[in-house]
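Given next are the chains, with one letter for each unit.
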Amino acid sequence: MTADLSHLDGEARRILRLNDKGGYTVPTAGLYPYQWNWDSAFAGLGFACFDVDRAWSELETLMSGQWENGMVPHILFHRPDPGYFPGADIWGTQDAAGKGAGRVASSGISQPPVAASFAWRIYQRDPEAGAERLRRMFPGLMAFHRWFMAARAESGAVAITHPWEAGRDNAPDWDAAMARISPEGVAPYTRRDTGHVNPRMRPTKEDYDRYIWLVQFGRERGWDDAAIAAESPFRVAEPTLTFTLMRACRDLRLAAGVLGEECAEIDGWIARLEAGAETLWNPETGAYDSYDLRSGQLAGAVSNASFLCWWGGLDDRRSRPTLARILDTARFALPSFDPAHPKFDPLRYWRGPVWGVMNMMAAIGLAEQGLSTEAARIRADTAALITENGFAEYFSPEDGTPAGGATFTWTAAIWLAWASPSAGEV
Ligand code: GLC
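Quick caveat, the model's predicted, so the values are computed rather than measured.

Trainee: Lay out the overall build of the protein with the relevant residues and their values.
Mentor: Looking only at helices and strands, the protein has 16 helices and 10 strands in total. By the compact-globule yardstick of 22 Å for 426 residues, the protein fits well, its C-alpha radius of gyration being 20 Å. Taking the principal axes of its C-alpha atoms as reference, the protein extends roughly 60 × 50 × 45 Å. A total of 426 residues make up the protein; the buried ones form 62% of that total. In the structure as shown, the protein presents an accessible area of about 15000 Å², 51% of it carried by carbon and sulfur atoms. In the protein, the 41 positive side-chain charges and the 54 negative ones have mean positions that sit 1 Å from each other.

Trainee: Hey, could you go over unusual backbone geometry for me, with residue numbers and the actual values?
Mentor: Look at the link from Phe85 to Pro86: it is a cis peptide, with omega at 0°. Following Ala333, the chain continues to Leu334 via a peptide bond in cis, the omega torsion being -20°. The residue Leu334 is located in the loop between helix H13 (320–329) and helix H14 (356–368) in this model. Phi angles above zero are rare outside glycine, and Tyr349 is one such case at about 65°. Tracing the backbone through its elements, the reader meets Tyr349 in the loop between H13 and H14.

Trainee: Lay out the packing of helix H2 (residues 37–47) against helix H3 (residues 52–63) in plain terms, naming residues and giving numbers.
Mentor: Where H2 contacts H3, the two axes come as close as 7 Å, and the packing angle between them is 165°. The angle between H2 and H3 falls in the class roughly antiparallel. The interaxial crossing formed by H2 with H3 has left-handed handedness. Along the contact surface, H2 presents Asn37, Ser40, Ala41, Ala43, Gly44 and Phe47, while H3 presents Val52, Arg54, Ala55, Glu58, Leu59 and Leu62. Across the contact of H2 with H3, the residue classes break down as 7 nonpolar, 3 polar and 2 charged.

Trainee: So what's going on with the site of the ligand? Which residues, and what values?
Mentor: Around the ligand, the structure places Pro27, Tyr32, Trp36, Trp38, Asp39, Gln111, Gly167, Asp169, Tyr349, Trp350, Phe408 and Trp410. One of the side-chain N or O atoms of Trp38 is found 3.1 Å from an oxygen atom in the ligand. Within the side chain of Asp169, a nitrogen or oxygen atom sits 2.7 Å from an oxygen atom of the ligand. Taking 310 Å² as the accessible area of the ligand by itself, protein coverage stands at 96%. Among the residues making up the shell around the ligand, the classes are represented as 8 nonpolar, 2 polar and 2 charged.

Trainee: Please provide a residue-by-residue account of the sheet that holds strand S3 (residues 159–160), values included.
Mentor: Taken in spatial order, the 4 strands line up as S3-S4-S7-S8 in an open sheet, and their pairing is antiparallel. If you trace the sheet from one side to the other, it starts and ends with S3 and strand S8 (297–298), each paired once. Looking at chain direction, S3 and strand S4 (residues 236–237) are connected through 2 bridges and run antiparallel. For Ile160, the partnering residue across the bridge sits in S4 and is Val236.

Trainee: So what's going on with helix H12 (residues 264–278)? Which residues, and what values?
Mentor: For an α-helix the count is 3.6 residues per turn, leaving residues at separations of three or four pointing the same way. With 15 residues, H12 should reach 21 Å at 1.5 Å per residue; the first-to-last C-alpha distance of 22 Å fits that figure. For H12, the complete set of buried residues consists of Ile266, Trp269, Ile270, Leu273, Gly276 and Ala277. The buried residues of H12 occupy an angular sector of 130° when the element is viewed end-on, so they sit on one face. Of the residues in H12, the exposed ones pointing more than 90 degrees away from the buried face are Ala264 and Ala275. Residues of H12 that are buried in the fold lie against helix H6 (127–151), helix H11 (239–259), strand S5 (281–282) and strand S6 (287–288).

Trainee: So what about the confidence of the model for the protein? Which residues, and what values?
Mentor: A residue-level look at the protein finds 98% of positions with pLDDT of 70 or above and a mean pLDDT of 96. Summarising per-element confidence for the protein, the mean pLDDT is lowest in helix H8 (residues 193–196) (93) and highest in H11 (99).

Trainee: For the nonpolar core, give the residues involved together with the corresponding values.
Mentor: Core analysis: the biggest nonpolar cluster contains 146 residues, and Phe42, Phe234, Leu334, Met358 and Trp415 have the highest contact counts within it. Not counting residues up to four positions away in its chain, the partners in contact with Leu334 are Asn304, Phe307, Leu323, Ile326, Leu327, Pro353, Val354, Trp355, Asn359, Ala362 and Ile378.

Trainee: So, the packing of aromatic side chains: which residues are in play, and what are the values?
Mentor: The full count for this structure, using the stated rule, is 32 aromatic pairs. Seen in terms of ring centroids, Phe144 and Phe148 are 5.3 Å apart; in terms of plane orientation they differ by 45°. Their pairing is tilted. In this pair, Phe144 and Phe148 both sit in helix H6, 4 residues apart, roughly one turn of the helix. Judged by relative accessible area, Phe144 falls into the buried class, the value being 1%. Here the aromatic rings of Trp355 and Tyr394 are separated by 4.6 Å at their centres, their planes lie at 25°, and the arrangement is stacked. Taken together, the residues span a long stretch of sequence, with Trp355 in the loop between H13 and H14 and Tyr394 in strand S9 (residues 394–395) at a distance of 39 residues. Tyr394 carries the same exposure label as Trp355, and that label is buried. The aromatic ring of Phe47 is capped on one face by Arg54, whose charged end is 4.5 Å from the ring centroid. The cationic tip of Arg318 hangs over the ring face of Trp281; the distance from NZ or CZ to the ring centre is 4.0 Å.

Trainee: Tell me about the side chain of Arg235, residues and numbers included.
Mentor: Among the secondary structure elements, Arg235 is positioned in the loop between helix H10 (225–231) and S4. At 2.6 Å, the side chain of Arg235 forms a polar contact with the side chain of Glu154.

Trainee: Can you lay out the environment of Gly195 for me, pointing to particular residues and giving the numbers?
Mentor: Looking at the secondary structure, you find Gly195 in helix H8. Classification of Gly195 by relative accessible area gives exposed; the value is 69%. For the pair Gly195 and Ala230, spaced 35 residues apart in sequence, the C-alpha to C-alpha distance is 36 Å.

Basis of the calculations
- As a convention, each chain's residues are numbered from 1 in the sequence order in which they are written.
- Whole-chain, interface and lining totals are the exception, using all residues; otherwise, since this is a predicted model, local features are given only for residues with pLDDT of at least 70 and side-chain atom pairs are given and counted only at 80 or more.
- Derived side-chain values reflect all non-hydrogen atoms in the structure, with water molecules and hydrogen atoms excluded from consideration.
- Strands are runs of DSSP state E lasting at least 2 residues, helices are runs of H or I lasting at least 4, and numbering of each runs from the N terminus.
- In this setup the radius of gyration rests on C-alpha atoms only. A globule is expected at 2.2 Å times the number of residues raised to 0.38.
- A simple rule labels every residue: compare its accessible area, found with a 1.4 Å probe on the protein chains alone, to the largest value its type can have, and call it buried under 20%, exposed over 50%, or partly exposed in between.
- Accessible areas in this description were obtained via Shrake-Rupley with a 1.4 Å probe; residue shielding takes into account the shown protein chains only.
- Neither His nor the chain ends is counted toward charge; the positive residues are Lys and Arg and the negative residues Asp and Glu.
- Lys charges are placed at NZ, Arg charges at CZ, Asp charges at CG and Glu charges at CD.
- Each axis is a line fitted through C-alpha atoms, taken for helices only over the stretch in contact, and angles between the N-to-C directions span 0 to 180 degrees.
- Roughly parallel refers to an angle under 35 degrees, roughly antiparallel to one over 145, roughly perpendicular to one between 65 and 115, and oblique to any angle outside these ranges.
- Each crossing is labelled by how the near helix is turned from the far one, with a counterclockwise turn of less than a right angle marking it left-handed and a clockwise turn marking it right-handed.
- Two residues form a contact once any of their heavy atoms are found within 4.5 Å.
- Side-chain classes are defined by residue name, with Ala, Val, Leu, Ile, Met, Phe, Trp, Tyr, Cys and Pro counting as nonpolar, Asp, Glu, Lys and Arg as charged, and the others, Gly among them, as polar.
- For each residue, the test is whether any non-hydrogen atom lies within 4 Å of the molecule or strand; if one does, the residue is near.
- Definition of a polar contact: a pair of N or O atoms within 3.5 Å, with one able to donate and the other able to accept a hydrogen when the atoms are protein atoms, and with sequence-neighbouring residues admitted only if both atoms are side-chain atoms.
- At least two bridges found by DSSP between two strands are what make those strands a pair.
- Take the number of residues in a helix, subtract one, and multiply by 1.5 Å to get its expected span.
- By arc we mean the arc of the directions from the helix axis to the C-beta atoms, nothing more.
- The pLDDT score gives, residue by residue, the confidence of the prediction method on a 0 to 100 scale.
- Only buried residues count toward a nonpolar core. Its members are Ala, Val, Leu, Ile, Met, Phe, Trp, Tyr and Cys residues joined through side-chain atoms within 4.5 Å.
- Ring pairs shown here join Phe, Tyr and Trp side chains whose ring centres sit within 6.5 Å, with only the six-membered ring taken for Trp; geometry is labelled stacked below 30 degrees between planes, edge-to-face above 60, and tilted in between.
- The rule for a charge over a ring is simple: NZ of Lys or CZ of Arg within 6 Å of the ring centre, and within 35 degrees of the ring normal.

Right, dumping it as structure tokens:
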């Protein structure tokens with residue numbers, strides 16, 4: 001007999017309401033007091049389980065921050081909050097007004113483009129309520145993807161200009177690229193994150209100095225994509241952006257189908273991304289990896305993003321043995337970094353902990369490609385982590401220790417939309 005977990009559905013709904021600031025949802029109070037791009041799209045998916053109208057307004061508020069060049073920023077600073085660093089003043093995006101920045105104060109980089117995928121899922125929950133809203137959002141989503149393909153996909157795979165753009169801030173994938181930066185000229189600053197969360201669970205000072213150095217680098221170039229692409233020492237093609245964009249293009253294509261829109265441009269993007277993904281394949285690790293466009297080196301990193309290939313829509317047989325090895329070694333799937341690697345750290349953010357959002361995408365992709373046993377394992381582990389340890393930001397893959405922020409929006413969202421027994425077959 002399966003346990004009755006319906007009280008957790010209520011708790012998850014309560015968390016979404018708690019973090020709802022009116023039209024947008026913060027990831028968690030205190031640590032992240034603004035609207036984050038991909039967190040918000042996950043929030044929309046969670047809201048769709050009980051309030052479809054609110055789900056659409058979450059995405060609409062996100063898209064209201066879109067720049068004229070199509071970029072949708074990784075943070076929208078709707079209301080100033082002294083508890084977060086670096087805020088709008090440090091990003092200096094108002095100087096990038098020529099790009100249409102500034103309607104909503106924002107950061108100058110983007111994040112994994114899952115918005116189209118979740119708009120499509122929200123639409124499917126209630127096509128009648130969603131048809132008009134999907135139609136209105138479609139051009140913005142097209143522009144967002146077009147911007148990614150033009151500004152970040154010169155190698156076919158999608159590249160980041162800052163670790164925050166991948167959403168995997170301190171992943172070992174960028175250690176070598178980050179080490180090449182000497183963070184001279186970084187203005188003195190005070191971190192705020194370590195006032196909210198145990199520093200052991202957060203990036204190091206060395207990482208932070210470089211994060212801020214890269215923000216200053218972009219600001220000094222007026223957030224000009226071409227200048228940053230030409231001059232920055234940091235440019236890494238990587239699997240989170242590549243596979244989420246590949247999936248988002250496929251979902252946007254489905255949306256185009258019901259809206260009677262043209263698909264040829266989207267088909268071209270999908271073909272380029274599929275070819276680009278090959279440049280991330282690492283035969284030595286047997287997994288999709290990150291590729292440093294400056295050094296021409298693969299990172300040798302087996303991460304949870306490596307296993308988004310199925311979510312991207314690839315029927316990838318080569319990755320199966322590596323996934324099997326990771327599932328065998330981790331008590332709780334999926335660790336964000338290979339537990340057998342010396343750099344693995346079970347509590348430090350993207351260097352080991354389990355993240356529910358990555359699990360959801362990996363498992364749905366696996367199930368779609370017929371790997372239902374692996375998908376069920378990942379889902380059961382995610383449900384166990386949340387049931388036993390609450391709606392934490394992330395969890396130790398060794399013993400489930402909850403880590404980072406608590407009452408976390410996207411953990412609540414993936415519970416409702418996927419991990420909860422009430423989500424049914426997904
Ligand atoms: C951290 C995560 C990132 C997320 C943000 C807000 O920076 O690495 O993926 O979007 O927090 O939750």
